[in-house]
Amino acid sequence: MSDFDPRGKVNRALLVGVSEYDTTVPPFGVPGDLPAVKHNLNLLRDVLPRGRVFGDHEVRVLRSPTLDDFDRALRTAAQEAEGLLLVYFAGHGASTAAGDELFLQMRNATVVAGGRAVFPGAEMVTTMLTMLAAGRAERIVVVLDCCFAGNAGWIWENFRDRRRVLLQLSVQANHRIDAGDGTGPTPFTERLVRLLDRDGEVRFAELSRQLREVMRQDGFRTLRGDLWEPRGRWEPEEDVLLSARPARGERPDPPVRGAAGPERGPSAPRRAGEALLGAVRRCGGVVAGWLGRWGALSRTATRITLVLALAALGLGSYGIYTLAAGTPSCGPPLELRVLADPDLESTVRSVADAYLTSAANTTGDGCRRSGITVYSAGSADVVTALQRQSDAWQEPGADGPDPQRDIGPQPDIWIPAAVADAERVTAHQDLDSVVALTSDATPLAYSPSVLAVPKDRAAEGSSGTGLRLNELITVLRGRTPDAEVSRPDPEFTDAALLATMGLQHRSDPGSAEGLVRSPGPPAPTAADLLCTLPDDPAVDRRTAALVPEFLLKSGVGCDRATRVARVAEYPDDTAGVQPAFVRVRWQDADRDREARDAAADAFHRWLAGSGGRAVFAADGFRSAGGDRGLLDVRSPGPGVDPTPANLPSGDAGPQAMDTALKGYRNADGPGRVLFLIDDSGSMGALWDGPSGGPGLVRQSLGGLGAEDAYGVWGVSGLDGHAPYKEVLPFGPQDRSVAEKAITGIKVQDAQADPHAALLAALGYMAGRGADDEGPRLIVYVTDDEDDNRLTGGNLDAVLTKARSVKVPVTMVSLVSGGCDRGKPDERISAAGGGRCLDADTDLGAGLHDEVARAGTGED
């Protein structure tokens, strides 16, 4: 048997619990909230570090995450773990009718019933296992406490890398279970914690067998009335040590080490003292009995008695001194909570790992002075919470915002990716705020914003061109017309917001967003962006990414071999990432204020000194001052120019960041969409069903919400008649009314004039929302049968109008080759900054993504 012992390795435990759901009302809601899950997370967070396999900083708790939050945390854990990776999930689980897949439902989960139900906002266990197995961990343990958990057993049986993966499932397949009354943990997790929280070694295989037996003994039954039987799945020759807590009186193992090296252990005399201390404790009742005859004991008298007992046992002067001083062993260190920008989370975790075992954080007795918990949250959410929701952060109410749930615990330290973030908070902070920020104006490091261009699309010597970001993109597209540019979500990371400032420099927000149009929602972080591109190799080969330079060296969690090599091009007008140290203090948090201040100051000194610089250097950062040269000049990242000539000299200002974010939100806020459906006679063969003209438009309405405005025209008519008829008046719509109107369109015994219809649509949309930069879109669904009216001067007129009004046009051709280069559909889409879709692609998904970019989505 391979009995894997992860002690001394870099381990990670990700504890995920969904206790609160956004949608719990039928027909689309999940069954309800699960208050017991909060207790589950608290208990596991306490018990795992006591088992001495995971250090305090190696256990991360994720409370009621969305699906995006869960995926991001999963990737991070898989990237960081080298020894044991443990992932625990508690929440609602759902299964297909065939029972061949298990869906873990996150906070934003909904249910769409039908012949084969679907579960938006849920993670498939197949996907989760694949993401975990892509990491470096030697062993992966997954614990699922949810309904239908046993259905994951079939998935494991068919998983290609199951030797590394061990599953503990709360119940057998196809069974629902009771979560309890919410005043305590769920029945399964309560027993899991009980079996973990004991002296000695706990291994996976024996724990799994004991869980099944204790649930049977306690008489628990599933909601179908059958015996409740937890199930485990592992290869017979594999086992994993999960806990190794020394028995009382035995010599403890050396403390768990972090990722950066071993901790100093106690000296030999100290270890001897700890061993004998156990014997003294075992006879404590006898000693107290003797002295109890003499009356009540003071603390001093008790200590003297124990000292004498140790002396009688031959401990010697060191043991007497140790006990008298009241420090027989390392107590739990003060824990600092560090909130980082999501793009910086991996680097800050590396910094924390290195600091925890450094001499600066170690006492003369070999104990840690402080522990560190690192977590991240969306940058815009953090700024808002510190500005206007600090009271709710400190004391969440039953209703309203809950930063503890949405962001995490109250931080002691905030490390944003821009120095200006602290001023963004303080400049607009509520008068009754209960939080105070102290920011170090000197950034910890620097990484420029770059346009990472696929190597075979980059121009020779293009890295330091001295061009603005918009000019770099224009030159790239002139060199390679099919090139695309992607940028992460500016509301989630500072790096993406800084890139957005560059895009908006000398440009209006609407035009700026047109430069980075891509199907679907933006990736949350730069690392996520670089990981999603390889899903489509063709897109990866032609897409440039706006990311911080350091990622080209430190890399991301997905397999580097699947991504094309990229070269950094440096815009001269786009501010870069500058991690900042911000001390966060909370009103009425005075009990350990001095100790917490001292611990935070010590970490800051180390972080700003040679220790922190070494970690930033290893991850590809530059110096924040001077010439902003690479901190590790001997090992620049691939595609990086060590000395680019035109790095911007200025830094981001708070007002400029807020203005850019406002522009992005307006450009990405409530949208206006005008649908044109060719209903001429030639469309008859392409009319009915979900892939017909009306069917495609109906499917795309899911990307629009109650705040969006849209309308539908039917396009047919010649000889002086209007080139279209209004099927659905433009404005906010009731979804059912809109679908009924679209379904009611009939094919006409007439031809279409796309030239006249598109000119009319462009003129109409030019006056819809042009004053607020809200997104606008024209969609034209056609079979291209009447393209003979889109030639010569007619086509030129449409192209000129599309360029002048700056309204994207998505041309949807229901025939193959409609978007071939040079065809009218392709040229019209390109002129307006839109996208061309034809029958050679997935039209339904493509059109839904395009409409969703303009709309707010369903409520």
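So, how was this worked out
- Residues numbered from 1 in each chain as written.
- Predicted model: local features only at pLDDT ≥ 70, side-chain atom pairs only at ≥ 80, totals over all residues.
- Heavy atoms only, no water.
- Pairing = 2+ DSSP bridges.
- Helix = DSSP H or I, 4+ residues; strand = E, 2+ residues; numbered from the N terminus.
- Axes fitted to C-alpha atoms, helices over the stretch in contact; angles between N-to-C directions.
- Buried < 20%, exposed > 50% of the residue type's maximum accessible area, 1.4 Å probe, protein only.
- Disulfide = S-S within 2.5 Å.
- Contact = heavy atoms within 4.5 Å.
- Salt bridge = Lys/Arg side-chain N within 4 Å of Asp/Glu carboxyl O.

J.: I tried to follow the sheet that holds strand S19 (residues 543-548) on my own but got confused; where do I start?
T.: Pairing within the open sheet is mixed, and its four strands lie in the order S18-S19-S17-S20. Strand pairing shows two members of the sheet lacking a second neighbour, strand S18 (484-486) and strand S20 (566-569), which therefore form its edges. Averaged over all pairs of adjacent strands, the angle between their axes in this sheet comes to 30 degrees, without regard to strand direction. In this structure, S18 lies alongside S19, joined through three bridges in parallel fashion. Opposite Ser-486, over in S19, you have Ala-545 as the bridge partner.

J.: Can you help me understand the sheet that holds strand S6 (residues 102-105) in this one?
T.: The pairing of strands in a sheet happens through backbone hydrogen bonds and is either parallel or antiparallel. A sheet is described by the order of its strands in space; here three strands give the open sequence S5-S6-S7, paired in antiparallel fashion. Edge positions in the sheet fall to strand S5 (93-95) and strand S7 (122-124), since each has one partner strand and no second. Sheet twist, expressed as the mean angle between neighbouring strand axes with direction ignored, is 30 degrees. Pairing of S6 with S7, which is carried by three bridges, proceeds in the antiparallel orientation. Residue Phe-103 lies in a different strand from S7, and its bridge partner there is Met-124.

J.: What is the right way to look at unusual backbone geometry in this model?
T.: With phi around 70 degrees, Asp-588 is a residue other than glycine that occupies positive phi space. Locating Asp-588 in the fold gives a position in the loop between strand S21 (582-586) and helix H22 (593-608). Given a relative accessible area of 64%, Asp-588 falls into the exposed group. Even without being glycine, Asp-784 reaches a positive phi, approximately 65 degrees. Relative to the assigned elements, Asp-784 resides in the loop between strand S25 (776-782) and helix H28 (792-805).

J.: Please clarify how the state of the cysteines should be interpreted in this entry.
T.: In a disulfide, the sulfur atoms of two cysteines are covalently bonded to one another. A complete count under the given rule lists one disulfide for this structure. Here Cys-819 connects covalently by a disulfide to Cys-836, the sulfurs 2.0 Å from one another. A torsion of -85 degrees about the S-S bond marks the disulfide between Cys-819 and Cys-836 as left-handed. Pair noted here: Cys-819 is in the loop between strand S26 (809-813) and helix H29 (824-832) and Cys-836 is in strand S27 (residues 836-837), with a separation of 17 residues, a long-range link. Here Cys-836 falls in the buried class, since its relative accessible area comes to 19%. The thiol sulfur of Cys-146 is not disulfide-bonded, and the nearest other cysteine sulfur, from Cys-147, lies at 7.1 Å. For Cys-147, a relative accessible area of 15% puts it in the buried group.

J.: Looking at this model, I keep getting lost on helix H25 (residues 693-700). Mind explaining?
T.: Structural remark: α-helix, 3.6 residues per turn; residues separated by three or four positions point the same way. Of all the eight residues making up H25, six are buried; the element is thus mostly covered by neighbouring parts of the structure. Every buried residue belonging to H25 is among Gly-693, Pro-694, Gly-695, Leu-696, Val-697 and Ser-700, and all of these are buried. Its buried side turned inward, H25 meets strand S22 (672-678), helix H26 (735-743), S25, S26 and helix H30 (843-854).

J.: Sorry, what's going on with the pattern of salt bridges here?
T.: Side chains that carry opposite charge are capable of pairing whenever their charged atoms lie near each other. Tallied over the entire structure, the rule returns 51 salt bridges. Between Glu-549 and Arg-622 there is a salt bridge whose closest N-O contact spans 2.9 Å. Pair noted here: Glu-549 is in the loop between S19 and helix H21 (551-554) and Arg-622 is in the loop between helix H23 (610-618) and helix H24 (654-667), with a separation of 73 residues, a long-range link. Salt-bridge contacts for Asp-679 lead to Lys-725; the nearest nitrogen and oxygen are separated by 2.3 Å. Placement of Asp-679 in the loop between S22 and H25 and of Lys-725 in strand S24 (residues 725-732) is noted, with a sequence separation of 46 residues between them.

By themselves, these are just geometric observations and shouldn't be taken as functional.
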